[in-house]
Amino acid sequence: MKYLVANWKMNLINSKNWICDFNNNLNDSNLNDDLRIVICPNYLQLPKFNQNHLSKINFSMGAQNVSGNNSGAFTGEISAEHLSEFSEVRYCIVGHSERRSAGETDAMIKAKVKQLLTKNITPIICFGESHEIQEKGETEKFLNSQLNSIVNDENLNIDSCILAYEPLWAIGKGIPADLETINNSISYITKIIDLNKSNLKILYGGSVDSENSGEILSVDNVSGLLVGNSSLDGKEFANIAKKF
Ligand code: PEP
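Note that the coordinates shown come from a computational prediction; the quantities given were computed from them, not determined experimentally.

## A word on the site of the ligand
Here is step 1: Around the ligand, the surrounding shell holds 14 residues, and the nearest of these are Lys9, His96, Glu166, Gly172 and Ser207.
Here is step 2: Between the ligand and Ser207, the relevant distance is 2.7 Å, taken from an oxygen atom to a main-chain nitrogen or oxygen of the residue.
Here is step 3: Here an oxygen atom of the ligand sits 2.9 Å away from a polar atom, N or O, in the main chain of Asn229.
Here is step 4: Within the complex, 99% of the 290 Å² of free accessible area of the ligand lies under protein.
Here is step 5: Broken down by class, the residue content of the shell around the ligand amounts to four nonpolar, eight polar and two charged.

The following block contains the structure:
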């Protein structure tokens with residue numbers, strides 16, 4: 001299975017028009033049968049997106065965040081139970097760099113992953129180094145520190161998660177990481193998690209568009225793409241989907 005994930009972030013998107021643009025640009029192209037497309041709009045659009053489900057293809061729904069707690073006095077938070085009760089969410093992004101920079105820690109991310117797994121929602125766990133870490137040559141050490149507690153927790157089935165390698169310096173910059181960097185980082189992760197014994201999927205994210213997606217997908221062990229800016233336009237997103 002390959003994955004194409006749209007992270008709409010906090011943008012106002014008319015989902016009906018978006019689906020229309022997506023469909024029109026798909027024309028009669030047949031997408032890879034093995035491709036799962038996950039759309040992550042804001043929480044409020046999740047149920048509406050489902051009602052507008054007029055697409056030629058079956059989108060899966062994803063959320064952009066979730067609480068690390070089960071229920072109770074957590075004003076403004078949305079739990080994994082809410083996601084599964086009130087929408088058809090099957091995936092949820094966690095640990096996005098924009099949330100990490102707002103104070104989310106590895107421990108908080110792990111708590112979110114655990115909550116999601118109790119509701120059979122697949123966590124899409126983002127990780128990636130900053131430019132400074134890369135400059136210092138400490139990428140591997142840093143990636144290990146971000147994933148270590150999740151990967152080595154015997155009570156957590158890592159095969160039920162998806163990882164998304166998103167180097168901070170490539171997010172929203174218009175230029176993705178070079179193929180060598182993507183290859184090096186993902187190879188390193190495949191060593192930490194023996195992919196011969198695991199079905200874990202690793203995606204790449206950071207300035208993906210329809211021009212560069214083909215070559216990024218050709219990198220070993222890249223099982224899909226997490227797309228921000230280029231997912232806001234249904235037409236461009238369809239062009240990316242055709243590259244799978
Ligand atoms: C992201 O925010 O996860 C992302 C990959 O954004 P962009 O595609 O805009 O770099």
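Moving on from the model shown.
## Some remarks on the packing of helix H1 (residues 15-26) against helix H10 (residues 234-241)
Here is step 1: The interhelical angle for the contact between H1 and H10, taken along N-to-C directions, is 45°, at an axis separation of 7 Å. The angle between H1 and H10 places the two elements in the oblique class. In this structure, H1 meets H10 at a crossing whose hand is right-handed. When H1 is examined against H10, the residues Trp18, Asp21, Phe22, Asn25 and Leu26 are found in contact with a partner set consisting of Gly234, Lys235, Phe237, Ala238 and Asn239.
Here is step 2: Split by residue class, the contact of H1 with H10 holds five nonpolar, three polar and two charged.

## What about the pairing of strand E7 (residues 201-205)?
Here is step 1: With four of five residues buried, E7 lies mostly within the body of the structure.
Here is step 2: Of the strand pairs in this sheet, strand E6 (residues 162-165) and E7 are connected by four bridges, and their pairing is parallel. Paired with Tyr165 across the strands is Tyr204, a residue of E7.
Here is step 3: With two bridges joining them, E7 and strand E8 (residues 224-227) adopt parallel strand pairing.

## Observations regarding helix H8 (residues 179-192)
What sets the pattern is the α-helix's 3.6 residues per turn: residues three or four places apart point alike.
Here is step 1: Under the 1.5 Å per step criterion, the end-to-end length of H8 is 20 Å for 14 residues, consistent within 8% with the ideal 20 Å.
Here is step 2: Of the positions making up H8, those classed as buried are Thr181, Ile182, Ser185, Ile186, Tyr188, Ile189 and Thr190.
Here is step 3: Buried-residue contacts for H8 involve strand E5 (122-127), helix H6 (131-135), helix H7 (139-151), E6, E7 and helix H9 (213-217).

## A closer look at the sheet that holds strand E2 (residues 35-40)
Here is step 1: Overall, parallel pairing links the eight strands, which are arranged E1-E2-E3-E4-E5-E6-E7-E8 in a closed barrel. When the angles between neighbouring strand axes are averaged without regard to direction, this sheet yields 25°.

Thresholds applied
Residues numbered from 1 in each chain as written. Predicted model: local features only at pLDDT ≥ 70, side-chain atom pairs only at ≥ 80, totals over all residues. Heavy atoms only, no water. Near = heavy atom within 4 Å. Polar contact = N/O pair within 3.5 Å; in protein donor to acceptor, adjacent residues only side chain to side chain. Areas by Shrake-Rupley, 256 points an atom, 1.4 Å probe, with all protein chains shown as cover. Nonpolar A, V, L, I, M, F, W, Y, C, P; charged D, E, K, R; others polar. Axes fitted to C-alpha atoms, helices over the stretch in contact; angles between N-to-C directions. Helix = DSSP H or I, 4+ residues; strand = E, 2+ residues; numbered from the N terminus. Parallel < 35°, antiparallel > 145°, perpendicular 65-115°, else oblique. Left-handed = near helix turned anticlockwise from the far one by under 90°. Contact = heavy atoms within 4.5 Å. Buried < 20%, exposed > 50% of the residue type's maximum accessible area, 1.4 Å probe, protein only. Pairing = 2+ DSSP bridges. Expected span 1.5 Å × (residues − 1).

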